[in-house]
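Observations on the model geometry
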Amino acid sequence: MENGRWSLRVICFAFFFIITSSSAEFLIQQVTEYNSSYNPNANLGVTRELRTERPSSKIVTIGNFSVVMERFEPYESSVIEASGYKWRLILYVTGNKDDGGNNHVSLYVRIEDTESLPTGWEVNVDLKLFVFNARRGKYLTVTDEAVKRYNQGNREWGFGQLIPLSTFRNPNQGFIVQNTVSFGAEIFIIRPVGQQERVSFVSNPPDNVFTWRILRFSSLEDKIYYSSEFLVGDRFWRLGFNPKGEGEGRPHAIPIFLYAQGFRPNAVETSTWGAVNLRLRHQLGSNPKRASSAAWYSIQPGHREGVSNIILRKDLQDGYLVKDSIVFEAEMVRVSVTNIVPV
């Protein structure tokens, strides 16, 4: 007898779990299906999720909903203005049968007063539609990835299968509370930009070699010394080094760094690509010490790239330090240039 009771409990629990899971599945999980509204070529996935924030364009609330909940004709809202255009919500509480809305609620947004728009007009919209869940205090948000292209041939867009009637009318779901329902819309106009930022790379730009001679090398202090600035591409640059060394090379090696500085007048100020060959000139022959680097330099002046060991101090006497002077060279082999151009 006890085993029979346990079997009955298990069966009842399983039945309750199936019913509960089925009724909650629509809200708890993000559901993906296909949008059938007016454009069979735009069957992108429809997503549904709950959010707390109210719709930004329009909310329609219907009290005494039971009076109209079986009606088939659409409810047309008052006109709303959004982003310079006029719109209405079109609601089918028993579904738009011409748009695959059987056994669903259907909701659309229609553009109004198009007679004043120029010939060939088109308005691109990122559209979100909403059903308020009073039980949760949140809005079921329905959208997809498709831009809605409103024009003379397509003045109305939305979702024929906004929400199943079986879910919408289920009292456990919370969409109809105290015989009241609410729907909403967000209408965001997508205005394509007319300009773009174009980044190009210039190899061996004009005046791309800079020479820096440092005099009285033996008397230099333990600090960073900087060259004068030079212009390559859209940006000013300079060299810098500490004669006593930096980082892993201190105090036995000589460093050299390239610093990005400010921009020329009227330049588009962005991160700048700089590829440079750094050299310590051999003043008695043709065997310079070389290093190279390439990086994006930030907008802020002072970003540097280079090496902490272009030569060991003990090797300076082999033709690199002559008459107490050394000579650095920077060859900018590639820089980026940014311009604002039409799309």
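Preceding this paragraph is the structure being described.
These notes cover the structure that comes with them. Every value quoted in this text rests on a predicted model; they were computed, and no experiment measured them.

Rules used throughout
Residues numbered from 1 in each chain as written. Predicted model: local features only at pLDDT ≥ 70, side-chain atom pairs only at ≥ 80, totals over all residues. Heavy atoms only, no water. Helix = DSSP H or I, 4+ residues; strand = E, 2+ residues; numbered from the N terminus. Buried < 20%, exposed > 50% of the residue type's maximum accessible area, 1.4 Å probe, protein only. Contact = heavy atoms within 4.5 Å. Areas by Shrake-Rupley, 256 points an atom, 1.4 Å probe, with all protein chains shown as cover. Salt bridge = Lys/Arg side-chain N within 4 Å of Asp/Glu carboxyl O. Polar contact = N/O pair within 3.5 Å; in protein donor to acceptor, adjacent residues only side chain to side chain. Phe/Tyr/Trp six-rings, centres within 6.5 Å; stacked < 30°, edge-to-face > 60°. Lys NZ or Arg CZ within 6 Å of the ring centre and 35° of its normal. Core = buried A, V, L, I, M, F, W, Y, C linked by side-chain atoms within 4.5 Å. Pairing = 2+ DSSP bridges.

Regarding the overall build of the chain
A tally of helices and strands in the chain yields 2 helices and 22 strands. The burial tally for the chain puts 42% of its 343 residues in the buried class. Counting only contacts in the chain whose residues sit at least 6 apart along the sequence, the fraction spanning at least 24 positions is 67%. If you sum the accessible surface of the chain, you get close to 18800 Å²; carbon and sulfur atoms cover 50% of it.

Observations regarding the pattern of salt bridges
Evaluated as defined, the whole model comprises 18 salt bridges. Arg-279 serves as the salt-bridge partner of Glu-331, at 2.9 Å between the closest nitrogen and oxygen. Taken together, the residues Glu-331 in strand E22 (residues 326-342) and Arg-279 in strand E19 (residues 272-280) connect sequence positions 52 residues apart. The same class applies to Glu-331 and to Arg-279, which are both buried.

Digging into the side chain of Ser-325
Relative to the helices and strands, Ser-325 resides in the loop between strand E21 (304-312) and E22. Within polar-contact distance, the side chain of Ser-325 engages the side chain of Arg-213 at 3.4 Å. Residue contacts for Ser-325: discarding those within four places in its chain leaves Arg-213, Ile-214, Leu-215, Gln-283 and Tyr-320.

Describing the packing of aromatic side chains
A complete count under the given rule lists 16 aromatic pairs for this structure. Ring plane angle 65° and centroid distance 6.2 Å describe the contact between Tyr-85 and Trp-87, whose orientation is recorded as edge-to-face. Judged by its relative accessible area of 0%, Trp-87 is buried. Ring centres of Phe-130 and Tyr-139 lie 6.3 Å apart, and the angle between their planes is 90°; this geometry places the pair in the edge-to-face category. For Phe-130, a relative accessible area of 0% puts it in the buried group. A cation sits over an aromatic face here: Arg-238 above Tyr-226, 3.8 Å from the ring centre.

Remarks on the nonpolar core
Core analysis: the biggest nonpolar cluster contains 36 residues, and Trp-87, Val-109, Tyr-150, Leu-162, Phe-168, Phe-183 and Ile-187 have the highest contact counts within it. Counting residues in hydrophobic clusters, the runner-up holds 29 residues, among them Trp-212, Val-232, Leu-280 and Ile-310.

Things to note about the environment of Trp-273
By the element assignment, Trp-273 lies in strand E19. Put simply, Trp-273 and Tyr-297 are 24 residues apart on the chain and 6.1 Å apart in space, counted from C-alpha to C-alpha. Not counting residues up to four positions away in its chain, the partners in contact with Trp-273 are Phe-201, Ala-294, Ala-295, Trp-296, Arg-334, Val-335 and Ser-336.

Examining the pairing of E22
As judged from the 9 bridges shared by strand E13 (residues 195-203) and E22, these two strands associate in the antiparallel manner. Paired with Val-202 across the bridge in E22 is Val-335. By the bridge criterion, 6 bridges tie strand E14 (residues 209-214) to E22 in an arrangement that is antiparallel. Looking across to E22, one finds that Phe-210 is bridged to Ala-330.

As for the environment of Ile-80
If you trace the backbone, Ile-80 turns up in strand E5 (residues 80-82). Discounting chain neighbours no more than four positions away, the residues touching Ile-80 are Ser-57, Lys-58, Tyr-85, Lys-86, Trp-87, Leu-89 and Ile-187.

Thoughts on the pairing of strand E17 (residues 235-241)
Buried residues dominate E17, accounting for 5 of its 7 residues. Sheet topology note: the strand E15 (residues 225-226)/E17 ladder contains 2 bridges and is antiparallel. The partner of Tyr-225 across the bridge, within E17, is Phe-241. Bridge count between strand E16 (residues 230-232) and E17: 3 bridges; the pairing is antiparallel. Within E17, the position partnered with Leu-231 by the bridge is Phe-236. Following E16, the chain reverses through 2 residues before pairing antiparallel with E17; Gly-233 in that reversal takes a positive phi of roughly 70°. Pairing between E17 and strand E18 (residues 253-263): 5 bridges, direction antiparallel. Of the residues in E18, the one forming a bridge with Leu-239 is Leu-258.

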